[in-house]
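The residues making up each chain are set out below.
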Amino acid sequence: MRLLGAVAVTCGVLWLGGCATNTRLEPPAAVEDRRSSAGGVDSKGVSPFGASTAGVGLDGVQTSGVMDPSSVARVQVGDPAAAQGALRNRVIYFDFNSDLINDEGRNVIEVQARYLKASHQRRMLVEGHTDERGGREFNLALGQRRANAVVRALQLLNVAPEQLEGVSSGKERPATPGHDEASWAKNRRVELKDQ
């Protein structure tokens, strides 16, 4: 019976492999020259300095001239306010009775790792918290597991171990004093604090 199952799986894999498409990608369209005559290059591709500007572009397409510096768009590296907002976000939330880091938490960790790697003198306290349910010892252990998970994730992103200290507060310091699911969700967290 196992042999029959293995044969069926193998046939299915081979059949799916045979269904691959042979899609042909078209070459990129010609690059439109949007320079005006004020751009410094005449219709023959000669700059006012006498050098020909004809050549092959970075993508392999024949171009009529080199790029005029005045036609280069400025690249936005990033919004400084958004970067500061990302640095201020130093809380990672967890599911009930879990120390697994979700996608949102990974984003916070990546931003904080870049922050810590920018200066090896920076130190960070990684503080694990839980909601009010469960015993004191259980919650201290769960908070420590959460802190350790974040410390490990930061170290995997090449943050030096001596820059990090993981501790647990358990359920002793709730972020929200309520006794409902919304409050508990805010209390199941790790906070990253500068030392």
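Our subject is the structure listed above.
Keep in mind the model is a prediction, meaning the values are calculated, not measured.

(A) Up close: the sheet that holds strand S5 (residues 164–170). Taking strand neighbours across the sheet as the criterion, the four strands line up as S3-S6-S4-S5 in an open arrangement whose pairing is mixed. Single-partner strands in this sheet number two, and they are strand S3 (91–93) and S5. Here the strands of the sheet are splayed against their neighbours by 20 degrees on average, with no regard to which way each runs. The pairing of strand S4 (residues 124–129) with strand S6 (residues 189–194) spans five bridges and is classified as antiparallel. Directly across from Gly128, in S6, lies its bridge partner Val190. Running at roughly 155 degrees to S3, helix H3 (residues 103–117) makes contact with S3, S4, S5 and S6 of the sheet. Helix H4 (residues 136–156) rests against S3, S4, S5 and S6 of the sheet, and its axis sits at about 155 degrees to S5.

(B) How the structure looks around H3. If you check H3, its first and last C-alpha atoms are 21 Å apart, about what 15 residues at 1.5 Å a residue would give, namely 21 Å. Within the sequence span of H3, burial applies to Gly105, Val108, Ile109, Val111, Gln112, Ala113, Tyr115 and Leu116. Residue Asn102 occupies the N-cap position of H3, its side-chain oxygen lying 3.3 Å from the main-chain nitrogen of Glu104.

(C) Expanded view of the pattern of salt bridges. Enumeration over the complete set of coordinates arrives at 11 salt bridges. A salt bridge links Asp131 to Arg188, with the nearest nitrogen and oxygen atoms 3.3 Å apart. Of the two residues, Asp131 sits in the loop between S4 and H4 while Arg188 sits in the loop between helix H5 (181–187) and S6, which places them 57 residues apart along the sequence. In this structure, the salt-bridge partner of Arg136 is Glu172, at a minimum N-O distance of 3.8 Å. A residue pair is termed long-range when its members are at least 10 positions apart, and Arg136 in helix H4 and Glu172 in the loop between S5 and H5 qualify at 36 residues.

(D) Local environment of the packing of aromatic side chains. Taken as a whole and assessed by the stated rule, the structure comprises zero aromatic pairs. Here the guanidinium or amino end of Arg133 rests over the ring plane of Trp184, the centre of that ring lying 3.8 Å away.

The rules behind these values
Residues numbered from 1 in each chain as written. Predicted model: local features only at pLDDT ≥ 70, side-chain atom pairs only at ≥ 80, totals over all residues. Heavy atoms only, no water. Pairing = 2+ DSSP bridges. Helix = DSSP H or I, 4+ residues; strand = E, 2+ residues; numbered from the N terminus. Axes fitted to C-alpha atoms, helices over the stretch in contact; angles between N-to-C directions. Contact = heavy atoms within 4.5 Å. Expected span 1.5 Å × (residues − 1). Buried < 20%, exposed > 50% of the residue type's maximum accessible area, 1.4 Å probe, protein only. Polar contact = N/O pair within 3.5 Å; in protein donor to acceptor, adjacent residues only side chain to side chain. Salt bridge = Lys/Arg side-chain N within 4 Å of Asp/Glu carboxyl O. Phe/Tyr/Trp six-rings, centres within 6.5 Å; stacked < 30°, edge-to-face > 60°. Lys NZ or Arg CZ within 6 Å of the ring centre and 35° of its normal.

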